[in-house]
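Listed below are the residues making up each chain.
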Amino acid sequence: MSDQAIVSITAAEQGTSLWHDAWRRLRRNRLAVCGLIVLICFIVIALLTPWIAPYDYTQQNLELGATPPSAAHWLGTDIFGRDLLTLMMYGGRVSLAVGFIATAVALLIGVTWGAIAGYAGPRVDAVMMRVVDILYALPFMIFIVLLMVVFGRNMLLLFLAIGAVEWLTMARIMRAQVQSLRQQEFVEAAVSLGLSPAAIIRRHLIPNALGPIIVYTTLTIPSVMLLEAFLSFLGLGVQPPQTSWGLLISYGAETMEEYPWLLLFPGLALTLTLFSLNFLGDGLRDALDVRGARD
Amino acid sequence: MWRFIAYRLLQSIPVLVVVITATFFLVRAAPGGPFASEKAVIPEVKAALEAQYGLNLPLWRQYTAYLRDLAQGDLGPSFKYPGRSVNELIAAGFPVTAELGLYALLVALGIGATAGIIAALRPNTAQDYVPMSAAMIGICMPSFLLGPLLILVFGIYLDWLPVSGWGDMPGDKILPSITLGSAYAAYIARLSRAGMLEVMSQDYIRTARAKGLPEWQVVLRHALRGGMIPVVAFLGPALAGLLSGSFVVETIFQIPGLGRFYVQAAFNRDYTMILGSTVFLSVLIVLFNLMSDILAAWMNPRLRAQYSEH
């Protein structure tokens, strides 16, 4: 009996942790939950694509050409007679993968780098931020061309390369945030309690700076997807017959007067992903904002 | 403050040296050379061309020669535009790019910051959702889509504005500025909303309200400074990006700016042009990141105190 009582007390204590609380608040935010569900659906579809895609994405039918949505092709076909739904499912795999992997890389490096630079004091800060300046200035295109030539057309490498560029702004935002937090009383309190800098960054600074970081993350995912489209368009990213949402949109934009559905549906997929991400991001931001919380 | 600025400018010298050195060897490590793509070039001509531009010298000699020229402000001759120097090409493209970038920034700040602040005042109401949804559409609308769309609507169907060019016809600067600025506007809207929300729950805002200040004064005089910190951090690199030109927008609207040169130079292995643009871009980045840091310090008194200590 007494054992059970102890267990239930610890469970109640765990209930007050930041993430548990946040999850509880998040679940009450209807829009954020919708966003989460849409994203999960997209990810599941992307994972299952090779088994559930209605057609073969490499198969062209030049006689058929571009047709509007019909019973056989729900979203129509492109100018090569390929099923648009199939293309979008395969394209979604690339776009979602590049969006999430590159952003995860950017988030990991950027937040760590920015937090250390912002907290460690002027000297370390100067060196770390000048490294960021250097990387900003290096010619990105040359960097990508070099990577492609040295390592071949490796998709994962492309994702990492994009992530390695996108972390720079993340680091700047994180650093600015930490600098404005580090002089506040709760940080001073943590210092005087003898917490190590690493613990202060992890336990106090990062959670308090999460708001803008989450928002910027939800902005980075679509911009990474579009960057991939730009690189693919220049011949540095995914190659036909492989495709991505961004690439489909850029082709669709060229023929939007004749075949508007080729632009509309990929555009809708990207927009829907983005809206979901943003609602989820805002929900997370609100859920993690302890001061603004009303409960 | 002046010491801080001088200190930072001093720091930028090693930054520039590292950037130049890394780029110099990076571009030469990439396969292919500036004269590799011309198929009909006979070996003797190619050798003569390479000799003329000093490409037959050992790498370190090329490097020291480049640095020597650079110290005198000479970025060298372009390999792909014979008879024109990189200085001339940048000088020709930059005013156009800078003007476009400036208008785009005005569009971005005007629309973005206003929308973000309005949204943050009443979070999770229609006043929040409407401007933020518009911002989201702006983010997922890549410029290679927004540009043609604007051309189609305002240039062709309504026939209000010219579809391309820069400074040739009245009003031809409007569409490219909106196209380039709207993506940034969307970012700024999101960042300023988040920043404002962060600030509005702080104690000093409660104090300001408790003093009986009208809400608009609370927002403009107390919340705005703190709330714009994330935007300012974003603005440094964003401005540098705007001023280095946009390949997509310049291509769509046929604008003779820097962005197109930069991408073409990368593909052509136009070594001096790549290096020249990179030097130019890195100076811009150093300057604008410095400016954005100064602005952030000015907006945050705690940070200002920290800078004036050393």
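1. Regarding the overall build of chain A
Each helix and strand counted, chain A has 11 helices and 0 strands in total. Going from N to C terminus, chain A has its helices and strands arranged as α-α-α-α-α-α-α-α-α-α-α. Seen along its three principal axes, the alpha-carbon backbone of chain A occupies a region of about 75 × 55 × 35 Å. In chain A, buried positions account for 46% of the 295 residues. Taking as baseline every contact in chain A between residues at least 6 positions apart, the subset at least 24 positions apart corresponds to 70%.

2. Concerning the interface of chain B and chain A
Chain B puts 47 residues into the contact, and the matching count from chain A is 43 residues. Among the elements of the structure, α1 (2-29), α5 (126-140), α6 (143-157), α7 (174-200), α10 (229-243), α12 (258-268), α13 (271-299) and α14 (301-309) of chain B are those that each provide at least two residues to the side of chain B that touches chain A. Taken together, the residues that form the side of chain B that touches chain A break down as 34 nonpolar, 10 polar and 3 charged.

3. Description of the environment of R193 of chain B
Residue and element names in this part refer to chain B. Here R193 lies in helix α7. We classify R193 as buried; it has 31 C-beta atoms within 10 Å. Separated by 108 residues in sequence, R193 and S85 place their C-alpha atoms 45 Å apart. For R193, the residues in contact, after removing those within four places along its chain, are G116, A119, A120 and M132.

4. So, the packing of helix α4 (residues 86-121) of chain B against α7 of chain B
Contact pair α4 of chain B / α7 of chain B: the axes reach a minimum separation of 6 Å and the direction vectors enclose 35 degrees. For α4 of chain B against α7 of chain B, the interelement crossing comes out right-handed.

5. Observations concerning the environment of A199 of chain A
With respect to the helices, strands and loops of the structure, A199 of chain A is situated in helix α9 (residues 197-233). Sequence-wise, A199 of chain A and I144 of chain A are 55 residues apart; in three dimensions their C-alpha atoms are separated by 36 Å.

6. Comments concerning the packing of helix α4 (residues 84-119) of chain A against helix α5 (residues 122-137) of chain A
All names here are of chain A. Interaxial distance between α4 and α5 falls to 7 Å at its minimum, and their mutual angle equals 145 degrees. Residues W113, I116, A117 and G118 of α4 lie in contact with α5, whose contacting residues are V124, D125, M128 and M129. Its residues assigned to classes, the contact of α4 with α5 shows 6 nonpolar, 1 polar and 1 charged.

7. Some points on the confidence of the model for chain A
When pLDDT is low, close inspection of the predicted coordinates is not appropriate. For chain A, per-residue confidence averages 80 on the pLDDT scale, and 91% of positions sit at 70 or higher. Taken as a whole, residues 1-9 of chain A scores under 50 in pLDDT and shows 0 contacts with residues more than four places along the chain or in a different chain.

8. Brief notes about helix α10 (residues 245-254) of chain A
Of all 10 residues in α10 of chain A, 9 are buried, a share of seventy percent or more. Where α10 of chain A is concerned, the buried positions are W245, G246, L247, L248, I249, S250, Y251, G252 and A253 of chain A.

9. Examining the nonpolar core
Counting residues in each nonpolar core, the largest one holds 161 residues, and the members touching the most others are M88, I162, M170 and M174 of chain A together with I188 of chain B. Residues within four places of I162 of chain A in sequence aside, it is in contact with V98, A102, V224, L227 and E228 of chain A.

Calculation criteria
Residues numbered from 1 in each chain as written. Chains lettered and ligands numbered in written order. Predicted model: local features only at pLDDT ≥ 70, side-chain atom pairs only at ≥ 80, totals over all residues. Helix = DSSP H or I, 4+ residues; strand = E, 2+ residues; numbered from the N terminus. Buried ≥ 20, exposed ≤ 12 C-beta atoms within 10 Å, placed from the backbone. Contact = placed C-beta atoms within 7 Å. Nonpolar A, V, L, I, M, F, W, Y, C, P; charged D, E, K, R; others polar. Axes fitted to C-alpha atoms, helices over the stretch in contact; angles between N-to-C directions. Left-handed = near helix turned anticlockwise from the far one by under 90°. pLDDT = per-residue confidence, 0-100. Core = buried A, V, L, I, M, F, W, Y, C linked by C-beta atoms within 7 Å.

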